[in-house]
Structure formats: C-alpha cells, structure tokens
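The chain contents come next:
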Amino acid sequence: MLNGIHTDRERCVRAVRSKDARFDGWFFTAVLTTGIYCRPSCPVTAPKPENMVFHASAAACQQAGFRACKRCRPDTSPGSPEWNRRADLVARAMRLIADGVVDREGVPGLAGRLGYSTRQVERQLLAELGAGPLALARAQRAQTARLLVESTELTMADVAFAAGFASVRAFNDTVREVFALSPTELRARVPKRADAAAAAPHPRTPPLPPYRTGPTPGTPPAGTTAAPAAPVTLQLRLPFRAPLNPDNLFGHLAATAVPGVEEWRDGAYRRTLRLPYGYGIVGLAPRPDHIACRLTLADLRDLTVAISRCRRMLDLDADPVAVDDRLRTDPLLAPLVDKAPGRRVPRTVDEAEFAVRAVLGQQVSTAAARTHAARLVAAHGDAVDDPEGGLTHLFPTPEALAALDPASLAMPRTRRTTFTTLVARLADGGLRLGVESDWEQARARLLALPGFGPWTVDVIAMRALGDPDAFLPTDLGIRRAAEELGLPSTPAALTARAAAWRPWRAYAVQYLWATGNHPINHLPA
C-alpha cells in the first residue's frame, strides 16, 4: 500500500523523476525555489531533490504557502485511492468533505456525522494530511471555482457562490493565492483550447450529441432568495488512473438501468441525480484517457457534490495497478486480469437507493427487478424535465417509499416485509447509509433487518458503501465462474482461497462475473 507515501522521500523523488502518473493524487511535490506545487507526473524538468518537499494533499501545499503549477494543474489529479479503500475516521471524513458537507454544514456538521468531536476530527486530519477540514474544503472550492471559470461564461460573482465561497472577495483572494492568477486571468488563458474537452471518443462509443445550455443563472449568497433559474449544462472531463476497462463498468449500469431514472443513449450512460440544492442529469461516456461528462444542474452549488458522486459511482479514484498486481498472484485469476486489466466496481450515486434496489432484486431476474423499480419511480418519484433524452423522474426518497401502501407492492409477503422495514429504518434515521458509514457497523445493522442475508448485505457493502474487499461467495454467477476456472466452488472453500486476494476481493468479483455472457459484462452498442 502507498499509505503515507509522502513521508517516504526516496520513493517520492523516484516517482517525480520518472514522471509516473500512477502517483498523481497520492502525494504532491512542493518546490522550495519556485514556490509552486505539482503532481508527480508534471512534464517540466524535475527540480533538484534538495529543493523538493512532499505533502499528502493539495490543501497542505496551499497552507504551506505554495501555489498550483500552471503546467500540470495538480488540482485536477484523480483523488487518492486511500479514501475509498479505508473505513477509518480520516477516510470517512475525506469522503464527506468531497461530498460538500463542510460547505453545507460546517466542521461541526462534519464531526456530528462522524460521531466525533470537532477537535478529534481536526487533529486526525492534520496529523495525516497536514491540513484541517476547513483547509481541505477550501482547496476543493478553489478547484470547483477554476472549473467554472474555465468551462463556463458565468459571471465571477455567480462562480464564487456556486463554488461555495461566502463572498466574491474570498473567492478572488483564494484564486489568486492558489493559482497565482486572478479569476479573469484564468479565464483569459482558456479560449485557444476551449474545445479540447470534445476529445476523440472511445473506439467503441460514438460521440455524444451537443447539449443545449440554459441561460446563466444568478446564484445568490446563502440567506438570500431569488427566482428559480434555468438549468445549466456543463461539459467536463473526469480523469482516472489507467488502465480502465469500461465494459463491465458501463455494461452493469446500463443493463440494470431503471426506466425513467437511468438510460443508455448515444453512447452514454445517463441518469438523474438527487442533490442537496436541486436535481441534476448526467451523461457519462468512456474515452481513452478520461470520462466525458455532460452535467445539467438546476443549481450550480451542486457541482462539487455531483462530480464527487459520479466519480464514486464509476470508481475513478481506484488504483488499478495495485489491484491487478494483487489479483495476478493467483495463477487462476491472472489470465482474466491479463485479458482485460483495469476493471472497476460499478457503484452508485445514492446509497439508500441502491439498498432499496438490492431488495427489489432478491430472487428475481434483472428484468423483473427493473420493472418493480420502474413502478415505484413512476408512482412515487419526483418528476424532472429532460429535453435531451427519456429521463422522467428522480428515484423516490425513503420517506416517500415509507408512506406507500404495502398492499400495492407486487411481491411476496416476506420480501414486502423486508422492503417496508428497510425504507422505514432509512426514513426514520435508524439506518444511515452514506459515504460516512462505518462499513462493519452498517453490515451489522443490515443483517439485523428481516430478509437480509449475507449476499444482500455484501452487495450493498460492495456497490453502495464502497468496500473494496466485499465478497459474494454464495452468488450463483461467482460459484459457476469459480468452478469453470478450477477454483473452489463451495462458499467456505472459495472464501478461504480468496483470502489471498484481500483487500481487493470486490474487484475479483468483477473479473469472475466477466467470465459469463450476461449483458452486464458488455459495453452497450
């Protein structure tokens, strides 16, 4: 593991000299002679080792007085895989900060969600990352601001409030401090490459059609009111660590798509998003070196959250080299990995939604599960407008589902009890599933619900909670694949064999599933 790699000076120097992009996001290089910080793969000539210092986060670099490199743009690096691999306090805090909790609820809100005091949270973040929650959130706001400045024609005041700044002055000061340029100067550097985002499509996916962009919204400061603004559409690039195999990732999302909420259209997976300030619609398509993202938002303050949730759904911050290297140590898995390296775990943008869908999918076909979910969406979901496609609703909230008449559910009585108990616990707060969840605690609470067995709990842990070591030894597809490969096929024996795959057993599940011919394993035409 690369945990704490920024403290291993010799290894960091080697990574910078080799310009190894695999380490982007793991640590940042601050250069004492220039006062800038870079990603390890920065294309400029590497500084002398005695002039380098290493930090675990961009926020720590900024707090130490360094500015972002204009050449390698370290603020656009993929996120550290550590925060999706771990379930400790620091990792859970980082996932919440990425989800915008500090901007919406402050540090007390962050600490409250984690069940610790603000002092404990600040102390642990400072110890591991060299920056506290406010500095980390500020670095994220700066990145969001840069994205809006460079990819939209919004006024600077609109950019400031959409990025989460309390005032235009704070926005201007932060941008100057972090990027050594004013917001106006940042925008002035863009025109010559403004169309670069429309990069060549992935060989197996056609280009996306252009989206129509609504009028510029006026996003007021917190505490003020304004008339609802027209949604705005942005075209973004989501970076990832190579390799990335899109087949099972997009195939799974498309094959299990709930009509009205999700669809595959014109080479992109599209879905609606329920966000803190409004709704969103996103289109995601694989490209050779990034994911093309077309994002429509009712309120631009949701930009950071929407990007974070899309990255999490597509597992874009994973370290595929570390994962595949571990799985290759098993001689029976190695050929699968070598054939199609870089498989990701398809996850979700809404943990509660996925838990509900997991129950709907118990002991029925994929088609039947989609039909059940589509009925609930049509009856209880919030309607949205999608002029670019066929999306019609947001997935229903737990509160809406808890209020429905159980007799209206076309399912066996025992599964009806499972469903109603789950949504009731989600609605009343007795069960909280989110990026802040303690994985083992969430597992225990799910197992205590009627109708929840190991398969349902572990599929929720794998795809909703993001546990990279979740494993499904009782899954029929996994057992068939294991038998065909010569692996043990009984749950106990397969679990014992899979101990060598830890902590990446969820990725082994993807490789085993891929041996079948189910639509989840193929990129849609």
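Residues numbered from 1 in each chain as written. Predicted model: local features only at pLDDT ≥ 70, side-chain atom pairs only at ≥ 80, totals over all residues. Heavy atoms only, no water.

> What am I meant to see in empty space enclosed by the protein here?
Any space left empty among the atoms is revealed by the rolling of a water-sized probe across them. A full pass over the atoms with the stated rule returns 5 cavities of 30 Å³ or more. By volume, the second largest cavity amounts to about 70 Å³. Pro81, Asn84, Arg85, Asp315, Ala318, Asp319, Arg347, Pro468, Trp504 and Tyr507 together form the lining of the second largest cavity. Class assignment of the residues belonging to the lining of the second largest cavity gives a composition of 5 nonpolar, 1 polar and 4 charged. (1 Å grid on protein atoms, 1.4 Å probe; cavity = no way out; pocket = protein on both sides within 12 Å on 5 of 7 lines; lining within 4 Å. Points joined across faces, edges and corners; volume = space filled by probe spheres on them. Nonpolar A, V, L, I, M, F, W, Y, C, P; charged D, E, K, R; others polar.)

> Even after reading the chapter, I still don't get the sheet that holds strand E9 (residues 291-297), so can you show me in this structure?
The pairing of strands in a sheet comes from backbone hydrogen bonds and takes either a parallel or an antiparallel form. Reading across the sheet, the 5 strands line up as E5-E9-E8-E7-E6 and stay open at both edges, with antiparallel pairing between neighbours. Because the sheet does not close on itself, it has two edges, and the strands there are strand E5 (232-238) and strand E6 (262-265). Geometrically, the sheet is characterised by an average inter-axis angle of 20° between neighbouring strands, direction not taken into account. Taken together, the 6 bridges between strand E7 (residues 268-274) and strand E8 (residues 279-286) define a ladder with antiparallel strand orientation. (Pairing = 2+ DSSP bridges. Helix = DSSP H or I, 4+ residues; strand = E, 2+ residues; numbered from the N terminus. Axes fitted to C-alpha atoms, helices over the stretch in contact; angles between N-to-C directions.)

> Would you explain helix H9 (residues 168-179) in this entry?
Since the α-helix advances by 3.6 residues per turn, residues separated by three or four positions end up pointing in the same direction. In this model, H9 (12 residues) spans 16 Å end to end at C-alpha, consistent with the 16 Å of a helix rising 1.5 Å per residue. Along H9, the residues classified as buried are Phe171, Thr174, Val175, Val178 and Phe179. Buried residues along H9 cover an arc of 100° about the axis, so they all sit on one side. If you follow the buried residues of H9, they end up packed against strand E2 (36-38), helix H2 (58-63), strand E4 (67-68), helix H7 (133-151), helix H8 (156-162) and helix H10 (183-188). (Expected span 1.5 Å × (residues − 1). Buried < 20%, exposed > 50% of the residue type's maximum accessible area, 1.4 Å probe, protein only. Arc of directions from axis to C-beta. Contact = heavy atoms within 4.5 Å.)

> Where do I start with helix H18 (residues 413-428) in this structure?
End to end, H18 covers 22 Å across 16 residues, agreeing with the expected 22 Å (1.5 Å per residue, within 8%). For H18, the complete set of buried residues consists of Arg415, Thr418, Phe419, Thr421, Leu422, Val423 and Leu426. Buried residues belonging to H18 abut helix H15 (351-360), helix H16 (366-380) and helix H17 (398-402). Of the residues flanking the end of H18, it is glycine 429, one or two places downstream, whose phi is positive at about 85°.

> Explain the state of the cysteines here, please?
When the sulfur atoms of two cysteines share a covalent bond, that bond is a disulfide. Scanning the entire structure with this criterion turns up 0 disulfides. Its sulfur unpaired, cysteine 69 is 3.8 Å from the next cysteine sulfur, which belongs to cysteine 72. Overall, the relative accessible area of 5% leaves cysteine 69 in the buried class. As a non-bridged cysteine, cysteine 72 has cysteine 42 as the owner of its nearest cysteine sulfur, 3.7 Å distant. On the basis of relative accessibility, which here comes to 7%, the residue cysteine 72 falls in the buried class. (Disulfide = S-S within 2.5 Å.)

> I would appreciate a short explanation of the packing of helix H4 (residues 89-98) against H7 in the present structure.
For any two helices packed against each other, one specifies the inter-axial angle together with the distance between the axes. Running from amino to carboxyl end, H4 crosses H7 at an angle of 40°, the nearest separation of the two axes being 10 Å. Taken together, H4 and H7 sit at an angle that is classed as oblique. The handedness of the crossing between H4 and H7 comes out as right-handed. Contact residues: Met94, Ile97 and Ala98 in H4; Pro133, Leu136, Ala137 and Gln140 in H7. The residue inventory of the contact of H4 with H7, partitioned by class, reads 6 nonpolar, 1 polar and no charged. (Parallel < 35°, antiparallel > 145°, perpendicular 65-115°, else oblique. Left-handed = near helix turned anticlockwise from the far one by under 90°.)

> Is there a simple way to think about the confidence of the model for the protein in this case?
Close inspection of predicted coordinates is inappropriate for parts of the model with low pLDDT. Averaged over every residue, the pLDDT of the protein is 89; residues scoring 70 or more account for 92%. For the stretch residues 193-227, pLDDT sits under 50, and the model shows 75 contacts to residues farther than four places along the chain or on other chains. (pLDDT = per-residue confidence, 0-100.)

> Which parts of the structure should I look at to understand the sheet that holds strand E1 (residues 28-31)?
Spatially, 4 strands are ordered E3-E1-E2-E4 in an open sheet, and the strand pairing comes out mixed. Lying at the two open borders of the sheet, with one neighbouring strand each, are strand E3 (52-55) and E4. Bridge analysis of E1 against E2 gives 3 bridges, and the strand direction is antiparallel. Its bridge partner being in E2, valine 31 is matched across the sheet by isoleucine 36. Helix H1 (residues 9-18) rests against E1 and E3 of the sheet, and its axis sits at about 105° to E3.

> Even after reading the chapter, I still don't get the pattern of salt bridges, so can you show me in this structure?
Note that side chains of opposite charge can pair when their charged atoms are close. Tallied over the full model, the rule gives 35 salt bridges. Between aspartate 299 and arginine 301 there is a salt bridge, with the nearest N and O atoms lying 2.7 Å from each other. Given a relative accessible area of 13%, aspartate 299 falls into the buried group. The class for arginine 301 is partly exposed, based on a relative accessible area of 26%. (Salt bridge = Lys/Arg side-chain N within 4 Å of Asp/Glu carboxyl O.)

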